[in-house]
Amino acid sequence: MERIERHSSHEGWQEVWQHQSASLGCLMKLAVYLPPQAAQERLPVVYWLSGLTCTEQNFITKAGAQRYAAEHGLILVAPDTSPRGEGVADDAAYDLGQGAGFYLNATQAPWAAHYRMYDYIVEELPALIEANFPATAQRSICGHSMGGHGALMIALRNPGRYRSVSAFSPIVAPASVPWGQKAFAAYLGEDHEAWLAYDSTALIAHATEHLPTLIDQGEGDEFLQPQLQPQRLVEAAQAVAYPMQLRMHPGYDHSYYFIASFIGEHLAYHAQALGR
């Protein structure tokens with residue numbers, strides 16, 4: 001690993017690192033915030049998954065999360081959203097290819113060679129963090145939009161791995177909305193059963209762990225009805241008595257202004273679950 005950025009922030013350090021990823025077969029960047037407590041003790045980790053078109057930079061420069069991570073003693077890890085580089089397949093559209101990894105393992109050419117973000121987030125990244133930073137094996141996960149999809153889906157597929165999960169404006173039923181259908185068809189092919197393995201609304205019916213879930217959604221979000229449809233997940237959760245809280249916020253849109261307004265509450269939620 002090579003550190004390529006380091007900035008003092010709220011008595012801790014906001015860093016950006018790069019490393020050669022075995023899962024993705026390319027050089028990857030990730031952001032790590034180390035709160036001041038990390039100088040004296042090992043701390044739990046909150047993983048943040050970003051949305052379409054984002055890199056590791058969006059969250060660390062726009063969300064204002066460092067203040068709350070320092071308050072609670074949480075390490076924050078924000079990876080990139082897809083594999084990158086000249087040899088990595090891409091598409092001219094913003095919602096496919098680089099910047100649009102959808103946190104799955106692609107099975108179709110040309111994507112399968114590099115697009116294994118599910119393995120990267122679930123296995124490679126935590127191993128890397130816990131080996132190279134003062135991090136415990138206690139983890140929580142959250143994200144926004146495509147990253148909200150990733151956080152919810154990964155938590156549902158990995159019982160016991162995370163202490164808590166939350167999301168802002170998540171894509172909850174990707175197999176049923178245009179963003180997800182386009183990406184899933186490209187990355188996974190036309191087998192819709194394969195799609196449902198990465199669809200939170202489908203997964204929740206068979207969940208073996210009922211992990212309390214917090215979702216915040218802006219009512220002024222232009223993607224609310226065509227792409228997000230959080231009520232689908234709430235109804236699926238209610239059918240199996242899965243603990244889920246959906247908070248609708250009048251006036252808020254899909255932007256980081258929304259995330260910055262409530263990220264403190266999300267990190268307090270994760271801190272409580274992580275014993276901080």
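Below is a short write-up of the structure.

Observations concerning the side chain of S9
- Considering the arrangement of structural elements, one finds S9 in strand β1 (residues 2-9).
- Classification of S9 as buried rests on a relative accessible area of 16%.
- Ignoring anything within four residues of it in the chain, the contact list for S9 reads Q14, Y33 and Q66.

Notes on the nonpolar core
- Counting residues in each nonpolar core, the largest one holds 68 residues, and the members touching the most others are F102, I129, I141, I154 and Y187.
- The dominant element in this core, judged by the number of residues it contributes, is helix α3 (residues 117-132), at eight residues.
- Excluding its chain neighbours within four sequence positions, the residues that come into contact with I141 are Y47, L49, I121, A151, I154, A155, Y162, S164, V165, S166 and H270.
- Ranked by size, the runner-up nonpolar core spans 25 residues in total, among them A31, Y33, A63 and A70.

Overview of the environment of A183
- Checked against the element boundaries, A183 lands in helix α5 (residues 178-188).
- On a C-alpha basis, the gap between A183 and G97 in space is 8.5 Å, while along the polypeptide they are 86 residues apart.
- Discounting residues that sit within four places of it in the chain, A183 has contacts with L96, F102 and L188.

Some remarks on the sheet that holds strand β5 (residues 75-79)
- The mixed open sheet is built from nine strands, whose spatial order is β1-β2-β3-β5-β4-β6-β7-β8-β9. Only two strands of the sheet have a single partner each, and these edge strands are β1 and β9 (244-249). Recorded for the sheet is a direction-independent mean angle of 20° between the axes of neighbouring strands.
- Pairing of strand β8 (residues 213-218) with β9, which is carried by six bridges, proceeds in the parallel orientation. Following the sheet pairing, D216 is matched in β9 by R247.
- The sheet strands contacting helix α9 (residues 230-239) are β8 and β9, and the helix crosses β9 at an angle near 155°.

Focus: the environment of A109
- Note on placement: A109 falls in the loop between β5 and α3.
- Expressed as a C-alpha distance, the spacing of A109 and L188, which sit 79 residues apart in the sequence, is 9.3 Å.

Focus on the state of the cysteines
- Applying the stated criterion across every chain yields a total of zero disulfides.
- For C26, which is in no disulfide, the shortest distance to another cysteine sulfur is to C54 and amounts to 17 Å.
- The buried category is assigned to C26, whose relative accessible area is 5%.
- Sulfur of C142: no disulfide; nearest cysteine sulfur belongs to C54 and is 14 Å away.

Quick word on the packing of aromatic side chains
- The full count for this structure, using the stated rule, is 14 aromatic pairs.
- Note on W179 and F223: the rings are 4.7 Å apart at their centroids and 45° apart in plane angle, and the pair reads as tilted. Here the residue W179 occupies a position in helix α5, and F223 occupies one in the loop between β8 and α8 (224-228), the gap between them amounting to 44 residues.
- We classify W179 as buried; its relative accessible area is 3%.
- Taken together, a centroid distance of 5.2 Å and an interplanar angle of 70° make the contact between Y252 and F262 edge-to-face. Highlighted residues: Y252 in the loop between β9 and α10 (256-273) and F262 in helix α10, separated in sequence by ten residues.
- A residue is classified by how much of its surface remains accessible, and F262, at 10% relative accessible area, is buried.
- Three or more aromatic residues link up through ring pairs in this structure, and these residues are W48, F59, F168, Y252, F258 and F262.
- In this structure, R157 is placed above the aromatic ring of Y118, and the distance from its NZ or CZ to the ring centre is 4.3 Å.

Some words on α5
- Among the residues of α5, those classed as buried are W179, G180, A183, F184, Y187 and L188. On an axial view of α5, the arc spanned by its buried residues comes to 110°, and they lie on one face.
- Contacts from the buried residues of α5 go to α4 (146-157), α6 (192-196) and α8.
- Trailing α5 by a residue or two, G189 shows a phi angle of about 85°, which is positive.

So, how was this worked out
Residues numbered from 1 in each chain as written. Predicted model: local features only at pLDDT ≥ 70, side-chain atom pairs only at ≥ 80, totals over all residues. Heavy atoms only, no water. Helix = DSSP H or I, 4+ residues; strand = E, 2+ residues; numbered from the N terminus. Buried < 20%, exposed > 50% of the residue type's maximum accessible area, 1.4 Å probe, protein only. Contact = heavy atoms within 4.5 Å. Core = buried A, V, L, I, M, F, W, Y, C linked by side-chain atoms within 4.5 Å. Pairing = 2+ DSSP bridges. Axes fitted to C-alpha atoms, helices over the stretch in contact; angles between N-to-C directions. Disulfide = S-S within 2.5 Å. Phe/Tyr/Trp six-rings, centres within 6.5 Å; stacked < 30°, edge-to-face > 60°. Lys NZ or Arg CZ within 6 Å of the ring centre and 35° of its normal. Arc of directions from axis to C-beta.

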